[in-house]
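Observations on the three-dimensional arrangement
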Amino acid sequence: MAKTIKSAVADTLEDLEKGNYEKFCHQLLDRREPPRVKRNKVEDKSRLQVTDALVSIFTEEGALRVTLEILKQIGCSEEAKELEEATGGNSSKPAPTDASSASAGAAGGTAGDKNFVDKHRVELTKRVSNIAPILDELLDNEVINQETYTRIRALSTTQDKMRELYSGPLQASAACKDLFYDILLANEKFLVKELNHLLLDCRENVKKARVMLKKEEVEGKRSQTLPRRRRFGGSGDPETNRQQRRAGASGGCTMADGKHFVDKHRVQLIQRVSNIAPILDELQYKGVIDQEQYDKIRALPTSQGRMRELYSGPLKASAACKDIFYESLLANEKFLVEDLSKK
């Protein structure tokens, strides 16, 4: 029967000679990459207690990565190879099924190919409320230092505190995000549970959508022999129908005069958009702006300045970027969009 990561790491540390174990502990304390391991977690502790500290600080998969990294650094390559073989390299369970793998991905620090903390950035920024103990634990685990802790605590809203975490400390490494996830589990249990359920629902919807697409492809092939008027559902003119489909796909982004809503109302949007912070969050999450642009725009002192910066760069990239911005406006400035749509 294959071992879990924790038991395999514990066995490896137990088997190390005294001299190599001392080297291991020294290297562990000397790591510069956050989160750092405190001396009182290692000194005068048994090998099992050090294993517990590794798992609690780095999570199981992170503990495996760090242990393998240090073993190789201190010249214990054979022990590292045996540990990799014992765990399969990166799995805490032997040969999980597809279903159990999906559940584990949703419940753990990663979701598919994207870390949970990144995947739910917008929702976490909006909805995390119990931020004080989260900051305390990040400080205790040295993900943030005292200066950063004091600066973030001084911010006026929970949302701004979360944005500051995302703009700095949480970019350091995957280990920092995994630790942040564990702290969220302890302090925002029901929020994490809800977001994980949304992820599973999303995966189910993707599966259903794929089935529907295949069905539509089959039906589409059958309908190729139908007259043009019936296939396009109206005028029979391809260009007219293409315009109709574009208008339908844009969801109201394009006005009657052919201008995009975002372009037509540029002056009014710059003057009147006030809830800019969550809009920036969504634009960053959806890839319209990168982290550097996000930080640069957030640093501007006024909403008008931030809007002008968006119009000067990111919103010029493509119509797709404008569509995403329009959808974010609908969600965050609903009444302003409704008012401008009447004009």
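Let us look at the structure shown here. (Residues numbered from 1 in each chain as written. Predicted model: local features only at pLDDT ≥ 70, side-chain atom pairs only at ≥ 80, totals over all residues. Heavy atoms only, no water.)

We now examine the packing of aromatic side chains. Enumeration according to the criterion identifies three aromatic pairs in this entry. With centroids separated by 5.1 Å and ring planes inclined at 70 degrees, the aromatic side chains of F261 and Y326 adopt a geometry described as edge-to-face. Separated by 65 residues along the polypeptide, F261 in helix α15 (residues 261-264) and Y326 in helix α20 (residues 319-332) bring together distant segments of the chain. The exposure class assigned to F261 is buried, which follows from its relative accessible area of 0%. With a relative accessible area of 7%, Y326 lands in the buried category. The ring of Y21 carries R47 above its face, with NZ or CZ at 4.2 Å from the centroid. Here the guanidinium or amino end of R121 rests over the ring plane of Y294, the centre of that ring lying 4.8 Å away. (Phe/Tyr/Trp six-rings, centres within 6.5 Å; stacked < 30°, edge-to-face > 60°. Helix = DSSP H or I, 4+ residues; strand = E, 2+ residues; numbered from the N terminus. Buried < 20%, exposed > 50% of the residue type's maximum accessible area, 1.4 Å probe, protein only. Lys NZ or Arg CZ within 6 Å of the ring centre and 35° of its normal.)

Okay, unusual backbone geometry next. Leaving glycine out, the prevailing phi sign among residues is negative, and the prevailing peptide bond configuration is trans. The phi angle at D44 is positive, at roughly 60 degrees, despite the residue not being glycine. Relative to the assigned elements, D44 resides in the loop between α2 (18-30) and α3 (47-73). At E142, a position not held by glycine, the phi torsion is positive, near 65 degrees. Assignment of secondary structure puts E142 in the loop between α8 (131-140) and α9 (146-153).

As a further point, take the packing of α9 against helix α10 (residues 158-167). Look at α9 against α10: their axes get within 9 Å of each other, and the N-to-C directions meet at 150 degrees. Across the interface between the two elements, R151, I152 and R153 from α9 touch K161, E164 and L165 from α10. Looking at the contact of α9 with α10 residue by residue, the class counts come to two nonpolar, no polar and four charged. (Axes fitted to C-alpha atoms, helices over the stretch in contact; angles between N-to-C directions. Contact = heavy atoms within 4.5 Å. Nonpolar A, V, L, I, M, F, W, Y, C, P; charged D, E, K, R; others polar.)

Before going further, it helps to examine the environment of L68. The residue L68 is located in helix α3 in this model. What makes L68 buried here is its relative accessible area of 9%. Separated by twelve residues in the primary sequence, L68 and A80 place their C-alpha atoms 5.4 Å from one another. Apart from the residues within four sequence positions on either side, L68 is in contact with A80, L83 and E84.

Before going further, it helps to examine helix α18 (residues 291-298). Every buried residue belonging to α18 is among Q291, Y294 and I297, and all of these are buried. Mapping the buried residues of α18 onto a view down its axis gives an arc of 130 degrees, with all of them on the same face. Exposed and facing more than 90 degrees away from the buried side of α18 are E292 and K296. Taken together, the buried residues of α18 touch α7 (121-127), α10, α17 (276-285) and α19 (303-312). (Arc of directions from axis to C-beta.)

Right, let's get into the side chain of H265. For H265, the position within the fold is in the loop between α15 and α16 (266-272). Assessed through its relative accessible area of 6%, H265 is described here as buried. A distance of 3.4 Å separates a polar atom in the side chain of H265 from the backbone oxygen of L340. (Polar contact = N/O pair within 3.5 Å; in protein donor to acceptor, adjacent residues only side chain to side chain.)

Quick look at empty space enclosed by the protein now. If you roll a probe as big as a water molecule over the atoms, it shows you where there is empty space left. Tallied over the full model, the rule gives one cavity of 30 Å³ or more. Put simply, the largest cavity is a space of about 50 Å³. Around the largest cavity, the lining residues are R36, V37, K38, K41, I57, D140 and N141. Residue composition of the lining of the largest cavity, by class: two nonpolar, one polar and four charged. (1 Å grid on protein atoms, 1.4 Å probe; cavity = no way out; pocket = protein on both sides within 12 Å on 5 of 7 lines; lining within 4 Å. Points joined across faces, edges and corners; volume = space filled by probe spheres on them.)

Counting residues in each nonpolar core, the largest one holds 28 residues, and the members touching the most others are F24, L28, L54, F58 and L71. Those elements giving two or more residues to this core turn out to be α1 (5-15), α2, α3 and α4 (77-87). (Core = buried A, V, L, I, M, F, W, Y, C linked by side-chain atoms within 4.5 Å.)

A few words on the side chain of E333. If you trace the backbone, E333 turns up in the loop between α20 and α21 (334-341). Buried and unpaired, E333 has R272 as its nearest opposite-charge partner, separated by 8.0 Å. Reaching out from E333, the side chain makes a polar contact with the backbone nitrogen of S274 at a distance of 2.8 Å. Among residues more than four places away in sequence, those in contact with E333 are V273, S274, N275, I279 and S328. (Lys, Arg positive; Asp, Glu negative; His and termini not counted. Salt bridge = Lys/Arg side-chain N within 4 Å of Asp/Glu carboxyl O.)

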